[in-house]
Amino acid sequence: MLTKKQNLYSVVGKKVNRVDALEKIDGSARYVDDLAFEDMLFAKMVCSAIPSGRIKKIDKSRALKLKGVAAVLTAADITGLNKIGCVVDDQPLLADKIVRFAGEPIAIVAAETREAAEEAAGLVDIEYEPLEAVLNVDDSFCEKVKVHPKGNTVCHYKVRKGGDIDEAFSKSFKVYEKTFTINYQEHLYLETQGCLALVENEGITVHGSFQCPFYVQGAVATAVGLPLSKVRVIQSVVGGGFGGKEDVPSEYAAKAALLAFVLKRPVKLILDRAQDLMVSSKRHPMKMEYKVGVTKKGKINALKVRALADSGAYTTLSTVVLFRTSVHFGGPYVIPNVCGDVIGLYTNRVPCGAYRGFGTPQVIYAMESMINIICNDMGFDPFEFRKNNALKKGALSINSHKIKESCGLIETIDKARKESDYDKRKKEFDRWNADESKRTLKGLGVSSIFYGMNLGAKGWFFDKAGSHIQICRDGSVTLCVGNVEMGQGAKTVLAQIAAEALGCQVGDINFTNVDTNIVPDSGPTVASRTTVMSGNALLDAANKLRKKLMNAAVEVLKLKVNQIMAKHGKFYNIKDSHQFVTFADLAKKCYFDNVSLSDMGYYVSPKVEYDMQNGQGEPYYVYSYATAVSEVEVDKKTGEVHVNKMTCAHDVGRVINPMLASAQIEGGVAQGVGYAIMENMVSEKGHIKTLGLSTYVIPTTRDFAEVKSVFVEDKSKDGPYGAKGLGEPSLMPVVASVVNAISNAAGCQFDHVPVLPERVWEALNEKKMRDDESEVR
Amino acid sequence: MLRNFKVLTPSSLNETLYIINNIEQPYRFLCGGTDVLVRMKDNPGFVKVLIDISKISELAKIEEHKSTFVIGAGVRHETILGCSHFIDNYNGLIEAVAAIGSPQIRAIATLGGNIGNASPAGDSIAALMAFDAEIELRSIDSNRIIRLEDFFTGPGKTVLKNNEIITKIILPKFEGYKSGWKRLGQRRALTISKVSAALAISVSKRPNGSFKVNDIKIALGAVAPTVIRARGAEKFLLETPNFNRAAIEQACVLASKEARPITDVRSNAEYRSEMCGVLLGDLIERVNVFE
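Each residue is numbered by its place in its chain's sequence as written, counting from 1. A letter from A marks each chain and a number from 1 marks each ligand, given out in the order of writing. This being a predicted model, a pLDDT of at least 70 is required before a residue's local features are given, and a value of 80 or more before pairs of side-chain atoms are given or counted; all residues contribute to the totals for chains, interfaces and linings. To obtain the side-chain values, all non-hydrogen atoms of the structure were used and water was disregarded.

Participant: Hey, could you run me through the pairing of strand E20 (residues 564-567) of chain A in this one?
Facilitator: Looking along a regular strand, one sees the side chains alternate between the two faces of the sheet. Residue and element names in this part refer to chain A. Pairing between strands is defined by DSSP: at least two bridges between the two strands are required. Each helix is a run of DSSP H or I of at least 4 residues and each strand a run of E of at least 2, with the numbering of both proceeding from the N terminus. Judged from the four bridges that link them, E20 and strand E21 (residues 570-573) form a sheet pairing that is antiparallel. Considered in E21, the bridge of Ala566 is made with Phe571. Remark: two residues form the turn of the hairpin made by E20 and E21, two consecutive strands paired antiparallel; His568 in that turn has positive phi of roughly 50°.

Written out as structure tokens, the structure reads:
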């Protein structure tokens, strides 16, 4: 339903088809593996076979003898610096003397064919002296064995709010405690990691599947030893990222670039699925100890949290991911007394990093599980309890951030209840579950979230974006931005924003590939920030150009600026739409009047103030909010779970494209449901055992829930047309609401994710035994 | 990555038999390729020669005889699903074959391939074993027919000799039987079974209204080194004087005990055992024997 105000807009808020749909359907989209250059070599990484140890010897001779092998490079061959750490300098590009996880790259091979490269990689002989490996957070925390000489703590974020936490608990009516654990999640983008590097103009050009071309530029410059201006990164079409192509592709691009630089030939490096699963970063497994105090009236008065995150062998993005954890562990609630510790720990396992939700789905699962326990035990309605504690304008978050604007949380709670038909379904389900002849149990689960927009206090220094718009003399428009399309629909939404501002049609707009030579460093395509950041950067450029077009229109139409309206490719008299001049004619006029229709735009995220010592201040400038309701069905005999339906109400400030926003939510639900009940990465002694798609299993359409998306539009003053981000929020409440629904159906709160059928079956048996015992008594 | 291998493409079964009688390098047959190509990618050294038998028409026939159906080893799953004989009389086979892989896999993968791959989780194997299927193995100078159950010796291991090929699957005709197949996987489709069960059962009603099992065959998948028959449960039900819900429950317990599963990345041993009984109970219920 559109309000009158929204009707003012011609393309914003409309169901515009994806501008990149056709090329992806007809196969003409060029992914990096579709690119080829003359004389190109293929690269393959040689990875550590053990989780922890010293490299005693690397023997390249057998590999080099193989026909078609051009080079085998190791740490000693790096022309620049052997470092790849994005935030902290603790990770080498190629392992030197020591390996810290099974799969850590040690050497890189280039050969004339993929086959030769792969065979040669198997012929690089590495001799190790194994060392004791640290394989879980508890062992890491003890520090009996150190993964790095400086110790095992990657980072430690503290949040201290209110008074003495023990005193606060002593004043609680009831106190609840529980420890939760959660496994890895793999991104499983359809297109595995890949890049292609070549020497051009005495520098390096890299093509590839990236979320953050400017990170890649930096990593290549460091590894090869070139100034940034000699490194050009050109984005290829991306087959999914989900955070997995944030910092990680830099590792591969730097290796390919090094080979290209040394050999002076183009080099392509594409990871196969097994290697991608083994070496690329994952979502952090966590152990989360929660203690929540509640007043008699159902107000949360105290929260104590200790979350231990398995960061793996290197920091990668852990410090920023876990910063976000420290802001979101209490959920979107007002809690006067908070004592939280979020600790990232090194282990001898694969590094963990960015993944849609960025360190929050884990703690949301724990916090929302606690609320489910409280509601069930004290008899509170799950929606009323959440509303009773919800953030609203004027309230303080756990970081004491006073919420000033754009807070639609309560509205999402109300809408989720109504649109899910919760009250009716609850009664139906209670009747269903009371009938012992039924094979299944049904359950409903609720979860609410908030999500800090953009990079926040920990990343403000690179929270900027640039754009370039050029209007050609025939009225067609070229856009260039620094954030990438990775399947999320950025191009379409950004084209809508630009078309709205310029007064042209979406069909007039063409995108230049993201190219670090053309736009200023726009930071990463992460943190659900692209609509807001690149959208605002485009608005900045478009508004300058619109003024020039308007001046031309004033001349042609002989009207004043405030008498002219621009939309759908026409500038016309507000009072008489038959009196108009086309966008194309204005472009032509400007061209022959020598008025430039080419301009740059730039946008910087609002500055925030935050005290890292006690976790108090403004971690982010504004938040998105959401509430989800899940309906699940649990097989009493097999423990199998099916998510039948999810209703998701999201406050996104302004919906730029309702069709894409719904699709984004459906994608988030699919990925969240997989995380909740299916995806189980199995490790043994530091080796991942699920290195294929037949063992690491994600949902298919058969497993998919019916998704109902509902929107709340509490506009953000700093967003383009009021918009906030949705990419990550779409996934964030899913796990918690699904697990709460399973827990409510089964009658016990599940303390480990994924909730596999084996565990549900066991829990149902345990419950039956308990029930039988109490009957005997 | 596939590399360092050669492909031979015999144009007849005889030529194939000649080749495998004389070949010295490790080889595998290529028909659908849905298992062998995946294995070669994971382990490029394991086979040096592929013998492409996908074009050999003698292997792709389905014939009806007086008391049997004979299915060529190269018959594709999709073909089985389109065959009315099977739809009408071998529901368990249809259910199993329809659940194998994806439409793309079923369009190219073959019944002989699923058997030759000898996975303890092989879905068509469990269904075929519940129909007492036999297979024909041929070499240049021999032709033997063995029970499918006797073909497997362990995961990926069979009694097939290096100069032999599976040519036919022989299904006895079943009249008055009801059959079914069911599995549990990590998801609803496109998945490898973590437990599966197949059932063929013939039941008659006595004049006094009680039921008697005339014949029953139960196969269990992914719960032992090979697909197994649950002989204990079968025997119990055959001998039970009164085939009723209590007897079924007891048979389910017996089936669970016959399983010898392992714990691996897909599931754990205890759950697998228990689920054998659950699946058997579900199948008996589903085929509606008391009708």
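Participant: Which parts of the structure should I look at to understand the sheet that holds strand E5 (residues 105-111) of chain A?
Facilitator: Adjacent strands of a sheet pair through backbone hydrogen bonds, lying either parallel or antiparallel. Residues and elements named next belong to chain A. Reading across from one edge, E3-E5-E1-E12-E9-E10-E11 is the order of the seven strands in this open sheet, with mixed pairing throughout. The open sheet terminates on both sides in strands that have one partner only, identified here as strand E3 (69-74) and strand E11 (231-235). When strand polarity is set aside, the average angle formed by the axes of neighbouring strands in this sheet is 25°. As paired elements, strand E1 (residues 41-47) and E5 share six bridges and run antiparallel to each other. Within E5, the position partnered with Ala43 by the bridge is Ala110. The strands touched by helix H3 (residues 114-123) are E1, E3, E5 and strand E12 (267-270); relative to E1, the strand with the most contacts, the crossing angle is about 20°. Helix axes are fitted only over the stretch in contact, all axes being lines through C-alpha atoms; the angle between N-to-C directions runs from 0 to 180 degrees. In what follows, a contact means two residues having at least one pair of non-hydrogen atoms within 4.5 Å.

Participant: Help me understand the packing of aromatic side chains in this model?
Facilitator: Here a ring pair, both rings aromatic, is described through the centre-centre distance and the interplanar angle of the planes. Aromatic rings from Phe, Tyr and Trp, taking only the six-membered ring of Trp, are treated as a pair when their centres fall within 6.5 Å; an angle between ring planes under 30 degrees marks them as stacked, one over 60 as edge-to-face, and anything in between as tilted. Summed over the entire model, instances satisfying the criterion amount to 27 aromatic pairs over all chains. With a centroid separation of 5.4 Å and an interplanar angle of 75°, the aromatic rings of Phe180 of chain A and Tyr365 of chain A are classed as edge-to-face. With Phe180 of chain A in strand E8 (residues 174-182) and Tyr365 of chain A in helix H10 (residues 361-378), this pair connects stretches of sequence that are 185 residues apart. By relative accessible area, Phe180 of chain A is classed as buried at 0%. The classification of residues rests on relative accessible area computed with a 1.4 Å probe and restricted to protein chains. Under 20% of the type maximum is buried, over 50% is exposed, and intermediate values are partly exposed. Using a relative accessible area of 0% as the deciding quantity, one classes Tyr365 of chain A as buried. Taken together, the ring pairs connect Tyr157, Phe323, Phe450, Tyr610, Tyr620, Tyr623 and Tyr625 of chain A into an aromatic cluster. A ring is scored as having a charge over it whenever the NZ atom of a lysine or the CZ atom of an arginine sits within 6 Å of its centre and within 35 degrees of its normal. Lying across the ring of Tyr189 of chain A, Lys245 of chain A places its NZ or CZ 4.5 Å from the centre. The ring of Phe69 of chain B carries Lys173 of chain B above its face, with NZ or CZ at 5.2 Å from the centroid.

Participant: Would you mind showing me how to read the environment of Val134 of chain A here?
Facilitator: Residues and elements named next belong to chain A. Relative to the assigned elements, Val134 resides in the loop between strand E6 (125-130) and helix H4 (137-142). Classification of Val134 as buried rests on a relative accessible area of 3%. Linking Val134 and Val305, residues 171 residues apart in sequence, is a C-alpha distance of 24 Å. Among residues more than four places away in sequence, those in contact with Val134 are Asp139, Ser140, Val145, Val147, Tyr346, Thr347, Asn348 and Arg349.

Participant: Mind showing me how you'd approach the sheet that holds strand E30 (residues 706-712) of chain A here?
Facilitator: All names here are of chain A. Taken in spatial order, the four strands of this open sheet run E16-E26-E27-E30, and their pairing is mixed. Two strands bound the open sheet, and with one partner strand each, they are strand E16 (440-452) and E30. The sheet shows a mean angle of 15° between the axes of neighbouring strands, taken without regard to direction. The pairing of strand E27 (residues 641-651) with E30 spans seven bridges and is classified as parallel. Bridged to Asp651 within E30 is Val712. Each of E16 and strand E26 (623-635) is contacted by helix H11 (residues 382-389), which is oriented at about 15° to E16, the strand it contacts most. Against the sheet, helix H18 (residues 734-746) contacts E16, E26 and E27, and its axis sits at roughly 155° relative to E16.

Participant: I tried to follow the pattern of salt bridges on my own but got confused; where do I start?
Facilitator: It is possible for side chains bearing opposite charge to pair when their charged atoms get close. Residues and elements named next belong to chain A. By convention in these notes, a salt bridge is any Lys or Arg side-chain nitrogen within 4 Å of a carboxyl oxygen on Asp or Glu. In total, this model carries 68 salt bridges over all chains according to the counting rule given. For the salt bridge of Lys282 with Glu186, the shortest nitrogen-to-oxygen distance reads 2.8 Å. Pair noted here: Lys282 is in the loop between helix H8 (273-279) and strand E13 (286-294) and Glu186 is in the loop between E8 and strand E9 (194-200), with a separation of 96 residues, a long-range link. Just as Lys282 is buried, Glu186 falls in that class too.

Participant: Can you walk me through the side chain of His401 of chain A in this structure?
Facilitator: Residue and element names in this part refer to chain A. Along the chain, His401 turns up in the loop between H11 and helix H12 (409-419). For this analysis, a polar contact is any N or O atom pair within 3.5 Å, provided that within protein one partner can donate a hydrogen and the other can accept it, and provided that sequence-adjacent residues contribute only side-chain to side-chain pairs. A distance of 3.4 Å separates a polar atom in the side chain of His401 from the backbone oxygen of Tyr620. In terms of polar contacts, His401 uses its side chain to reach the side chain of Tyr623, at 2.7 Å. Setting aside residues up to four positions removed in sequence, His401 forms contacts with Ala395, Leu396, Gly617, Glu618, Pro619, Tyr620, Tyr621 and Tyr623.

Participant: Explanation requested: the domain arrangement of chain B in the structure shown.
Facilitator: Many structure descriptions define interface size as the accessible area lost when the parts assemble. All names here are of chain B. All domain edges in this entry derive from an automatic or database-based domain assignment. Under the domain assignment, chain B is made up of domain 1 (6-52), domain 2 (57-172) and domain 3 (180-286). Domain 2 and domain 3 are separated by 21 Å when their C-alpha centres are compared. Every contact between the two is made by 26 residues of domain 2 and, on the other side, 22 residues of domain 3. For the pairing of domain 2 and domain 3, the buried interface totals around 1800 Å² over both sides, and the portion due to carbon and sulfur atoms is 58%. Defined in terms of a 1.4 Å probe, buried area is the accessible area two parts forfeit on being brought together, summed over both. Of all residues in domain 2, the largest losses of buried area upon contact with domain 3 belong to Pro120, Met129 and Ala130, amounting jointly to 28% of the total for that side. On inspection of domain 2 and its partner domain 3, the count reaches five salt bridges. Of the charged contacts, one joins Arg231 and Glu149 as a salt bridge, the two residues approaching to 2.2 Å between their closest N and O atoms. The interface formed by domain 2 and domain 3 includes ten residue pairs in polar contact (both at pLDDT 80 or more). Residue assignment for the side of domain 2 that touches domain 3 shows that the elements contributing at least two residues are helix H5 (91-98), helix H8 (123-129) and strand E8 (152-154). Broken down by element, the side of domain 2 that touches domain 3 gets its largest block of residues, five residues, from H8.

Participant: What's the story with helix H19 (residues 757-776) of chain A in this structure? I'm lost.
Facilitator: Along an α-helix, residues three or four apart share an orientation, since each turn contains 3.6 residues. Look at H19 of chain A: 28 Å from first C-alpha to last across 20 residues, which is about the 28 Å you get at 1.5 Å a residue. Within the sequence span of H19 of chain A, burial applies to Pro757, Glu758, Val760, Trp761, Ala763 and Leu764 of chain A. Those residues of H19 of chain A hidden inside the fold are in contact with E16, E26, E27 and H18 of chain A together with helix H11 (269-286) of chain B. Here a helix's expected span is defined as the number of its residues, less one, multiplied by 1.5 Å.

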